[in-house]
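Summary of the model geometry
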Amino acid sequence: MADYREMWKSLDMDLEKHDKLCEVLPQFYEEIYLSQKNRPQGMNYFNFVVSEVHGLRIKELLESRKNNRKVIGSFCVYVPDEVINAADAISVGLCGGSDFWHPDGEKVLPRNTCPLVKASIGAKISATCPYFQSCDLLVGETTCDGKKKAWEILSEYTPIHVMDLPQMKREKDNLHWQDEIKIFIDKIENLTGNKINEENLAEGIKLINEKRRVLKRLYEFRKFDKLPISGKDVLLISQIAFYDDPKRFIEKTNELCDELEKRVQNGISVFEENTPRILITGTPMAIPNWKLHHIIESSGGAVVCEETCTGTRYFENLVDENGKTLAKQIKALSDRYLNINCACFTPNKGRIDDILRLYKEYNADGIVYFTLPFCTTYATEFKKVKDALDKKGIPVIMIETDYGLQDAGQIKTRLEAFFEMLETNKKVAVTK
């Protein structure tokens, strides 16, 4: 990475503390990603993005701000990027996926708070994340109690707007979410000075739909018996999708997919034959949280799909592009976003249906149910999910872990035993 210290200094960052973060990430990335064999050449772009994670993209954001374009930071897939793009603003996904930010988060939050929430708050109040420092507005949402109260604290440090997500999916809840989108539109218009109308919102919808399509195309390659790309590489691409320039991301991901098509035609796989195929379901994995994927894929498994907010929930279901009025477009946005099956909803049968469908579509052998400590919604919903999987005879293991590596050995041992069971099941099925 080039020398960006003057740029970081202009963002009022804690340079001494930030240096410590920059020292850790390259080695961590090399051990997890660059150590892989037979990676697609198209991954070089995403390697470059990570190498410049706090550099070039931040420079782009600051240059855009000089041209009076606003930068909006969000923490959740329920925040409609279409609205932000319609106002000629820039959307960047935030959240924290490293325990580096926990000590600062714990200065204002209870220690027994979700690691993602602690890291997100810590990243801002420590002034060590240039994305937080580059935003003109942060957008929170009411997907869990921890977040709801954390936004109140965060508002003491930076401007924040909170969208009130309903917790059920009745008609009146859809109307409520449409109202929240309208309020959000007003907020973005006032911030940017740009009016959102049918034309620019239609353009925003088409752009974000195109990003969803390219992610869907990428995921299709994971349905093949011979996997042309690793699960952790796909996770990385999904994480980068949240903050990269959308048009460039679409172009580079399509280029990678073109390469993957050739790999499929030539029978190239990055895994040995009969490697257990794993579907991960549960909480999102914010960058640089690559822990579970790395443990799975270095313990004899292959991640073929993620039913998470950094997986299928991010890109499945397009916004209807046929709306010709602002009211119809807002209704289409509401319909699409409320079709995301987060564990915050009750009842939440839709998520169970998604897991069963994806398990079949991606020809998975077993499921890893991932949850962060103190994430009550996902931890509690495990019972309903497991009951449904047990009825179908689908193997599942629950892994609760934070961002630290202290329990990596224990998780590896549990997963290796799980994979051995999956292999035994396959052999028994063949002999029947």
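The preceding data block contains the structure.
Residues numbered from 1 in each chain as written. Predicted model: local features only at pLDDT ≥ 70, side-chain atom pairs only at ≥ 80, totals over all residues. Heavy atoms only, no water.

**Observations concerning the pattern of salt bridges**
To keep it simple, the criterion reads: Salt bridge, as applied in this entry: a Lys or Arg side-chain nitrogen positioned within 4 Å of an Asp or Glu carboxyl oxygen. Only runs of H or I of at least four residues qualify as helices and only runs of E of at least two qualify as strands under DSSP, and these elements are numbered from the N terminus. Categorising residues by exposure relies on relative accessible area from a 1.4 Å probe, with only protein chains included: less than 20% of the type maximum marks a residue as buried, more than 50% marks it as exposed, and the intermediate range marks it as partly exposed.
If you walk through the whole model with that rule in mind, you get 39 salt bridges. The closest approach of N and O atoms between Glu106 and Lys118, which form a salt bridge, is 2.7 Å. With Glu106 in the loop between helix H6 (102–105) and helix H7 (115–125) and Lys118 in helix H7, this residue pair connects regions lying twelve residues apart in the sequence. A residue is classified by how much of its surface remains accessible, and Lys118, at 7% relative accessible area, is buried.

**Some words on the packing of aromatic side chains**
Counted only if it meets this: Pairing of aromatic rings covers Phe, Tyr and Trp, the last counted by its six-membered ring, and requires centre-to-centre distances within 6.5 Å; plane angles under 30 degrees mean stacked, over 60 mean edge-to-face, and any other angle means tilted.
In the structure shown here, the tally under the stated rule is 18 aromatic pairs. Ring centres of Phe75 and Phe132 lie 5.9 Å apart, and the angle between their planes is 50 degrees; this geometry places the pair in the tilted category. Of this pair, Phe75 sits in the loop between strand E1 (71–74) and helix H5 (81–86) while Phe132 sits in helix H8 (residues 130–134), and the two are 57 residues apart along the sequence. Residue Phe132 is classed as buried on the basis of its relative accessible area, which comes to 1%.

**Focus on the pairing of strand E7 (residues 366–371)**
Looking along a regular strand, one sees side chains alternate from face to face of the sheet. Heads up, the rule is: We call two strands paired when DSSP finds no fewer than two bridges between them. With the strands pointing away from the viewer, any crossover whose connection runs clockwise from the first strand over the helix to the second is right-handed.
Burial runs high along E7: six of the six residues are buried. Here E7 shows two buried faces, one formed by Gly366, Val368 and Phe370 and the other by Ile367, Tyr369 and Thr371. In this sheet, E7 lies alongside strand E5 (residues 277–282) in parallel orientation, the contact comprising five bridges. Residue pairing across strands places Ile280 opposite Val368, the latter belonging to E7. Here E7 runs beside strand E8 (residues 396–400); their pairing, made up of five bridges, is parallel. Paired with Val368 across the two strands is Ile397, which belongs to E8. For the handedness criterion, the β-α-β arrangement of E7, helix H18 (residues 376–392) and E8 is classed as right-handed.

**Topic: the nonpolar core**
Quick note on the threshold: In these notes, a set of buried Ala, Val, Leu, Ile, Met, Phe, Trp, Tyr and Cys residues joined through side-chain atoms within 4.5 Å is what counts as a nonpolar core. It only takes one pair of heavy atoms within 4.5 Å for two residues to be counted as in contact.
Among the nonpolar cores identified, the biggest contains 142 residues, and Tyr78, Leu292 and Leu415 are the most heavily contacted of them. If one sorts the elements of this core by residue count, helix H11 (residues 198–220) sits on top with seven residues. With sequence-adjacent residues up to four places away left out, Tyr78 is seen in contact with Thr143, Leu165, Trp177, Tyr337, Ile340, Asn341, Cys342 and Phe345.

**Points about the sheet that holds E7**
The test is simple: Under this scheme, a helix contributes an axis fitted over its contacting stretch, all axes are lines through C-alpha atoms, and angles between N-to-C directions fall in the 0 to 180 degree range.
One open sheet holds the four strands; their spatial order is E6-E5-E7-E8, and the pairing between them is parallel. Bordering the open sheet on either side are strand E6 (302–307) and E8, each of which pairs with just one other strand. Adjacent strand axes in the sheet meet at a mean angle of 25 degrees, parallel and antiparallel pairs treated alike. Of the strands in this sheet, E5, E6 and E7 are in contact with helix H17 (residues 349–361), which crosses E5 at around 165 degrees.

**Points about helix H2 (residues 15–34)**
Note the cut-off: By this rule the span expected of a helix is its residue count minus one, scaled by 1.5 Å. Our arc is simply the arc of the directions from the helix axis toward the C-beta atoms.
The end-to-end C-alpha distance of H2, which contains 20 residues, comes to 27 Å, matching closely the 28 Å that a straight helix rising 1.5 Å per residue would cover. The complete set of buried residues in H2 reads Leu15, His18, Leu21, Tyr29, Ile32 and Tyr33. The buried side chains of H2 occupy one side of the element, clustering within an arc of 115 degrees when seen end-on. Residues of H2 that are exposed and angled more than 90 degrees away from the buried face: Glu16, Glu23, Val24 and Gln27. Buried residues belonging to H2 abut helix H1 (5–10), helix H3 (43–51), H8, helix H12 (231–241) and helix H14 (291–297).

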